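Residue-level structure breakdown
Residues per chain, in single letters:
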Amino acid sequence: MAEAQSPNHQAPHDQVETRVLFWIAILASVATLSTWSYCLYLGRNTSWDLWAAPCLAAVFIGSALALHLMPRLTQAIAIGCLAAASAFWLGSTYHSAHQLGEQGWLSLTAVSQFAPLLYVAAFITLKRGAATFSWMHYLGLLALYGLLVHSPWRAREPDHVTQIWWLSVIL
């Protein structure tokens, strides 16, 4: 008879899942560095992108190495990757909101298209807590919106383009 799992027990990842996550982490690192270096070549990286994107790529490579060496920690490694990606995305959004011009728009465009993938990755990789992670990330975005658009210490009201920009990011 199968043994019942306690509610706090997390189901382990199987070897195939861990191997797939290993390759996804490597591909994510390559994609991050490729985008970063191409934008560097074009002179389009913001001051945030210059250091944060290589750090994110390093987290992905380190995660791939950790998955290879310690596959039993797949859940914890996945949470670390997702948290790093979320922090990068929220930081990029914050930075772009301060540079509402061509550089800020390009930075946000390069990053925001991957936001849905962050949620998908959470639901694929996490055995438990994907919804909680997704809501925490989204609440971080709403907090940025409140802080940057509706704070009483702002110098001026946001223009129409900025309001549309925030609406599209939040949606």
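Below or above, wherever it landed, is the structure these notes cover. (Residues numbered from 1 in each chain as written. Predicted model: local features only at pLDDT ≥ 70, side-chain atom pairs only at ≥ 80, totals over all residues. Heavy atoms only, no water.)

**Comments concerning the overall build of the protein**
Tallying secondary structure elements over the protein gives 7 helices and 0 strands in all. Overall, the protein shows an N-to-C arrangement of helices and strands of α-α-α-α-α-α-α. Across the 171 residues that make up the protein, the buried fraction comes to 37%. Sequence-distant contacts in the protein: of pairs separated by 6 or more residues, those separated by 24 or more amount to 69%. For the protein, the exposed surface amounts to about 10500 Å²; the carbon and sulfur share of it is 69%. (Helix = DSSP H or I, 4+ residues; strand = E, 2+ residues; numbered from the N terminus. Buried < 20%, exposed > 50% of the residue type's maximum accessible area, 1.4 Å probe, protein only. Contact = heavy atoms within 4.5 Å. Areas by Shrake-Rupley, 256 points an atom, 1.4 Å probe, with all protein chains shown as cover.)

**Some words on the nonpolar core**
Phe88, Trp89, Leu126, Leu141 and Trp166 are the most contacted members of the largest nonpolar core, which has 30 residues in total. One finds Leu21, Ala25, Ala64 and Ile77 within the second-largest nonpolar core, a separate group that totals 7 residues. (Core = buried A, V, L, I, M, F, W, Y, C linked by side-chain atoms within 4.5 Å.)

**Brief notes about the packing of helix H3 (residues 74-98) against helix H4 (residues 102-112)**
Between H3 and H4, whose axes approach to 9 Å, the crossing angle comes to 160°. It follows from the interaxial angle that H3 and H4 lie roughly antiparallel. The hand of the H3/H4 crossing is left-handed. Side by side, H3 and H4 meet where Phe88, Trp89, Ser92, Thr93 and Ser96 of the first sit next to Gly104, Ser107, Leu108, Val111 and Ser112 of the second. When its residues are assigned to classes, the contact of H3 with H4 shows 4 nonpolar, 6 polar and no charged. (Axes fitted to C-alpha atoms, helices over the stretch in contact; angles between N-to-C directions. Parallel < 35°, antiparallel > 145°, perpendicular 65-115°, else oblique. Left-handed = near helix turned anticlockwise from the far one by under 90°. Nonpolar A, V, L, I, M, F, W, Y, C, P; charged D, E, K, R; others polar.)

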